[in-house]
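Each chain, written out:
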Amino acid sequence: MRGELVAFDLETTGLDVETDSIIEIGAVRIVDGVITDEYSTLVNPGFAIPQETTYITGIEQKDLRGAPTLATILPDIAHFIGDAPVIAHNAIFDVSFLKRFGLLSGNLAIDTIEVTSIINPTLPSYSLGSLVEQLNIELENAHRALDDARATARLYIKMWETAKTLPKSLVQEIVRYSQGVDWPLRIFFESLLEIASDDADTPQVTIDADAKEAFDLPEATPTLPVDLAAIDLAEINSVLGPDGQLAQSIANYEHREQQVAMAETVGRAFNEQQQVIIEAGTGIGKSLAYLTPAVLWATKNQSRVVVSTNTITLQDQLIEHDIPLLQDALDEPFTPAVMKGRANYLCPRRLETMRRRQPTSIDELRTVIKLLIWLNGRPNGDRGELNLRGNENYIWSRLSAQDEDCTSQRCTVTMRGTCPYHQAKVAAEKARILIVNHALLVADAKNESHTLPAYEHIIIDEAHQLEGAITSGSMVRIDEIRLTQRLAELGGMNKGLLGDILRYMREHTSDKERSRLEIFVQDVELAIRAMQQQVTRYFESLANYVQDTGQQNKSQIRVTPAQRKVAEFQLLQAKWQQLAEFFDVIADAMKHILGILGSLNESVLLNEYVTSLAATSRFLSDRRQQLDEFALQPNDAWAYWIHYRGDTGYVAIQMAPHNVGRYLEDDLWNKKKTVVLTSATLKTGNGFDYMSERLHANHMLMESTGSVFDYKKSALVYVPTDIPEPNQPHYQKALERGIISLAAALQGRVMVLFTSYNQLRETAASIAPRLALGGIVVYDQATGNSQESLLDRFKSSEKAVLLGTRSYWDGVDIPGDDLSALIITRLPFAVPTDPIFAARSDTYSDAFNNFAVPNAVLRFRQGFGRLIRTRDDRGIVAIFDSRIIHKKYGRQFLEALPDCRVEQGPLDNLASITQKWLDESLDTSDS
Ligand code: SF4
């Protein structure tokens, strides 16, 4: 927007708009894109400000002593802002504060988070701190009002300039599309339209497609050769060996015997069609160890090898680093490709349909506009590029290639080759090495209509996460909002999908056909409304069940076969039977309408309606079956539970498979010729027993390569013996004392692994102000920043401590001196009340020793593995859980570690022992 605007920011004593106080205000005036004036003052709240506020803002009590009170400066602020539109970052917070004091009642408020996320929908984070870094915007003192207001103004100006480059036709569409929706940014785009010039070369909003032909799938999947030729294992050495092809193409190439040995094992697995589990020690270079024989095999046999990973980080490493190394080094060219699950790809056909009608919600409006702007940048249509928030993710799911009866033939015509899902399928068909993720691998193997092309050989990396990835990938959540929303989308006489169908009929069919359907849709609309009420009642009964059974303090309430027999649950079953009848009525209605539509002449638009109706019909039928299982006919391989939030009253039904080994055996192990499962951590105290049992892989060959690291020289394990056990009083204080003393001694360079968010938050709040006095910054996962951004900041900070939980136990790679000490706060036992863990435990006669302990040992080994990442790394792992030495099972944790020095002693010695260990290491490396 042009003209006069005021960007402002507040520093406050807390986040409660009703009770907290303003302690600083900064504002800058912008006229036609130029900052022309500034206003800034501290504000005395009349009481002592909390220590936390000083820590965040740097404003101290003494700074506020002579400052004016808010009452005295309110007229100045009102005068400065006048009736200009205001801009703030996360405007709802700052604007609400000023409104509380009678200001901004008539001012238009623009939120720079909203503006930036719309204009730049692919940025990883929209916090002001991260935006100034990503967009090179000047910010002197973050969390001081005037500096933040200036940065907000500069951000806004930058977004306005970026928006000016959007094609006029796109801006026109955004203005048209947002009509009738209460959206403050509409004025922004209307102003933009006023100055947009006609541009005959305006690019079409489209997904990049090289040519229509690129969309056509090959007629049939290339047949896999029957007589497969074995690869010569000597060839592996000629690639990976000390004088091999990689050594010739990579500077400072490091030959590793363990890598060659693993590659030969994988090569044998291809030659002899074996299934094998390989624990590949850290540092051996396992991805090249399996990629090398896989590429040799695939090129020799004109075949395809599928490589499955759990994380995008590993997928990126394979496709951007390891595979290009092999492409450069090997004589024979080969094609790699990445295929993701269907939910990751935009369905352009569905987007076209949604664009044609007005949005039904602000989230739909935002999502479609973000997509249009994103597509204007000619992306590849992959969800991973986009940063969507909250309910926008649900809208995406309605626009993705998931849940579609799609055929390439139809969309070749209607979408002119722009479907990213089919482009990915074409690329996958041509690939010799196809990278996928675990959830897609198993979902595809189960499904009869395959996303992946035919394959007989798989390598599963990060296999320790296979069970978890399949469990969460198969998890189902059903709640009232989604069910009623989906029913609402069906609509009725004048709205939603049924309304669209009737409109179409009015224009394209005879009166007789149309009136037949109109009468029917009237009844269906009534049935949908009645069903929505029934859905609401059903979820109310679910909440009542939680309260009547006294479980309202739990967030996950498992439903076991025994609980299905109690009277309260039987009431719930009766409610379900009532709701199930509505599912049946609506399903019959869908079938009837589809029958009518099927008898009409085909047209592109009609096809759209048929597909959408069929998708809704399938959604309702899936939900009916899942709810029936939950209430009446549980599957014995699945766990069922109620998700409940006492503070909001939110209630949902959830379910997930607890026995995924059964699926793996039926759908993969029994059907594929070569299977390689690998990871750096697959063994527990009993070798491969635990993992092979969980994955139903007892028949596989098992090997372990060992590591290339000398842990005796590189790692010291220290267990403080004089601290309480984790659940006892004073443990938290001892933990904080230990972190502070270690961080102070090492000047940062410490990572702390937690098993609970609450403890992480409590620890961060307590240690951060104290470490700040020594210039040490604490980065913690609870701030909501992405793991990648936190790791970047930790590595680039001179003195920093990193606090993480969950994915930090195995998804972190910090080589070198940036990380010298790792603190494991407690042994990583799973929460026993977790419904899936509990369901799995029920299948063991001695669940603690045969399931809980090995499960925790595996996680413990993964956590330990964060410390030493290269041959030159040195460091200490401090274990703040004395159960590791006091309890009988503790021995299994220590025995599972690589051969390294273990010491015990008082907490107070931790810092000095660490310092001594690192100094000794320095001496050794100097000599
Ligand atoms: S092929 Fe499928 S995903 Fe692609 S545009 Fe058509 S319906 Fe959508």
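Basis of the calculations
- Residues numbered from 1 in each chain as written.
- Predicted model: local features only at pLDDT ≥ 70, side-chain atom pairs only at ≥ 80, totals over all residues.
- Heavy atoms only, no water.
- Helix = DSSP H or I, 4+ residues; strand = E, 2+ residues; numbered from the N terminus.
- Core = buried A, V, L, I, M, F, W, Y, C linked by side-chain atoms within 4.5 Å.
- Buried < 20%, exposed > 50% of the residue type's maximum accessible area, 1.4 Å probe, protein only.
- Domains from an automatic or database assignment.
- Contact = heavy atoms within 4.5 Å.
- Buried area = accessible area lost by both parts, 1.4 Å probe.
- Salt bridge = Lys/Arg side-chain N within 4 Å of Asp/Glu carboxyl O.
- Polar contact = N/O pair within 3.5 Å; in protein donor to acceptor, adjacent residues only side chain to side chain.
- Nonpolar A, V, L, I, M, F, W, Y, C, P; charged D, E, K, R; others polar.
- Patch = residues over 30% accessible without salt bridge, like charges linked within 9 Å, V, L, I, M, F, W, Y side chains within 5 Å.
- Areas by Shrake-Rupley, 256 points an atom, 1.4 Å probe, with all protein chains shown as cover.
- Lys, Arg positive; Asp, Glu negative; His and termini not counted.
- Charge placed at Lys NZ, Arg CZ, Asp CG, Glu CD.

1. Digging into unusual backbone geometry
Even without a glycine there, the phi angle at glutamine 302 is positive, about 50 degrees. With respect to the helices and strands, the residue glutamine 302 is situated in the loop between α13 (286-300) and β7 (305-309). The phi torsion at arginine 749 lies on the positive side, around 60 degrees, for a residue other than glycine. You can see arginine 749 is positioned in the loop between α30 (731-746) and β18 (750-754).

2. Some remarks on the nonpolar core
One broad trend across soluble globular proteins is that nonpolar side chains are buried collectively. By size, the foremost hydrophobic cluster in this structure holds 118 residues, and its most contacted members are Met339, Ile433, Trp669, Leu677 and Phe893. Counting residues domain by domain, this core receives three or more from each of domain 2 (207-221 + 257-341 + 422-456 + 673-708) and domain 4 (711-926). Excluding its chain neighbours within four sequence positions, the residues that come into contact with phenylalanine 893 are Leu827, Pro828, Phe829, Val853, Ala856, Val857, Phe860 and Ile884.

3. Notes on the domain arrangement of the protein chain
Domain boundaries assigned for the protein chain yield domain 1 (4-163), domain 2 (207-221 + 257-341 + 422-456 + 673-708), domain 3 (494-657) and domain 4 (711-926). Every contact between the two is made by 13 residues of domain 2 and, on the other side, 14 residues of domain 4. For the pairing of domain 2 and domain 4, the buried interface totals around 1,200 Å² over both sides, and the portion due to carbon and sulfur atoms is 54%. Its largest share of buried area at the contact with domain 4, domain 2 owes to Thr681, Tyr690 and Arg694, together 45% of the area lost on that side. Counting the contacts that link domain 2 with domain 4 gives one salt bridge. Between arginine 861 and glutamate 279 there is a salt bridge, and its shortest N-O distance comes to 2.9 Å. At the boundary of domain 2 with domain 4, the tally comes to six residue pairs in polar contact (both at pLDDT 80 or more). Considering each element in turn, the side of domain 2 that touches domain 4 owes the most residues, four residues, to helix α28 (residues 689-694). Broken down by class, the residue content of the side of domain 2 that touches domain 4 amounts to five nonpolar, four polar and four charged.

4. So, the pattern of salt bridges
Under the criterion given, the structure shown has 41 salt bridges. The shortest N-O distance in the salt bridge between aspartate 37 and arginine 29 comes to 3.6 Å. With a closest N to O distance of 2.7 Å, arginine 883 and aspartate 881 form a salt bridge. With respect to burial, arginine 883 and aspartate 881 carry one shared label: buried. It is possible to trace a salt-bridge network through shared partners that takes in Glu173, Arg176, Glu352 and Arg355.

5. A short note on a negative patch on the surface
Among the surface-exposed residues, Glu133, Asp316, Glu320, Glu788 and Asp792 lie close enough to one another that they form a single negatively charged patch. Only α14 (312-329) and α32 (787-796) provide two or more residues apiece to the negative patch. Mapped onto the elements, glutamate 320 comes out in helix α14.

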